[in-house]
Amino acid sequence: MIGGALATMGWYYPFMLPILAIPLGFLVLFALKNPEPKGDRNLKEYLSNAVKVLKNRRLFGLFVASAANFVFLYGAYVTYLPQLINDTFKAPSTIIGLLLSSVSIAITITASQLGRLARRFPATNLISASYIFYALAMLIVPYVSNIWLLLIPSTIFGIGLGIGFPSIQTLLADLAPREYLATIISVNGTFYGLGQTLGPLLMGYAFGFGGISSVFYAATGFTVLIFFVFRYCTCM
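For clarity, every value in this text was computed on a predicted model and none was experimentally measured. (Residues numbered from 1 in each chain as written. Predicted model: local features only at pLDDT ≥ 70, side-chain atom pairs only at ≥ 80, totals over all residues. Heavy atoms only, no water.)

Let us now look at the overall build of the chain. A tally of regular secondary structure across the chain gives ten helices and zero strands. Along its sequence from the N terminus, the chain presents helices and strands in the succession α-α-α-α-α-α-α-α-α-α. The C-alpha extent of the chain, read off along each of the three principal axes, is 60 × 50 × 35 Å. Approximately 13,400 Å² of the chain is accessible, and the part contributed by carbon and sulfur atoms is 69%. The distance from the centre of the 14 positive side-chain charges to the centre of the 6 negative ones in the chain is 9 Å. (Helix = DSSP H or I, 4+ residues; strand = E, 2+ residues; numbered from the N terminus. Areas by Shrake-Rupley, 256 points an atom, 1.4 Å probe, with all protein chains shown as cover. Lys, Arg positive; Asp, Glu negative; His and termini not counted. Charge placed at Lys NZ, Arg CZ, Asp CG, Glu CD.)

Written as structure tokens, this is what we have:
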């Protein structure tokens, strides 16, 4: 929402927001109390054992799920939904920012209720359900004829993210041995970056092949594929 409002003043104003990181950095530097861990663990032995842990098929399924989330988020949603809104509805940047922010609102509300869901359903089922939400949201987008109706797929997409992201983190923490948890989380972060990189690239190919609607159809198909890959890797 802030980015959209700043863009009405000029396309370059949103890029000034990272300046806020400077005072935040000083706050962390001087105010955050975080004692560093101490230990004399052999690095070679640690890395060797960590590689063995990473060969776990269920962990690999979670890494794939993490990467796929960012393919959808940065490939279809962040990159091409604003273009669709601009090209189809000629909406100003403030409206585009508002529609994009609806996902974050849906994520926040859904994640706040995840504890109740986690007590009733296994994490693997919640992650699988998130892909159903992704597919439904992506499939709806090309058929929307009114700009405000885009709130429906945006909210559905946000619900999926609100269920999927925390559930992946929870399952990673459950599966990873405590002494290698930091390594597992770091590798998972690497897959985040992989998804951020591949998302715009893959959806760009879809856009070049069949236009803006093909992006969301391709994202739907990719969602179904990842759903079955995840189920195969994590459900034994």
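For the rest of this paragraph, the subject is the packing of helix H4 (residues 57-89) against helix H10 (residues 212-234). Interhelical geometry of H4 versus H10 gives an angle of 170° and a closest axis separation of 9 Å. As far as their axial angle goes, H10 and H4 are roughly antiparallel. In terms of residue class, the contact of H4 with H10 is built from 21 nonpolar, three polar and two charged. (Axes fitted to C-alpha atoms, helices over the stretch in contact; angles between N-to-C directions. Parallel < 35°, antiparallel > 145°, perpendicular 65-115°, else oblique. Nonpolar A, V, L, I, M, F, W, Y, C, P; charged D, E, K, R; others polar.)

In this model helix H5 (residues 93-112) runs 29 Å from its N-terminal to its C-terminal C-alpha over 20 residues, within 8% of the 28 Å that 1.5 Å per residue would give. Listed as buried for H5 are Ile 96, Gly 97, Leu 99, Ser 101, Ser 102, Val 103, Ala 106 and Thr 110. Close packing links the buried residues of H5 with helix H1 (2-7), H4, helix H6 (114-120) and helix H8 (151-175). (Expected span 1.5 Å × (residues − 1). Buried < 20%, exposed > 50% of the residue type's maximum accessible area, 1.4 Å probe, protein only. Contact = heavy atoms within 4.5 Å.)

Tracing the backbone shows Asn 69 in helix H4. Judged by its relative accessible area of 1%, Asn 69 is buried. Among residues more than four places away in sequence, those in contact with Asn 69 are Tyr 131, Tyr 134, Phe 165 and Ile 168.

Read these as geometric descriptors, not functional statements.
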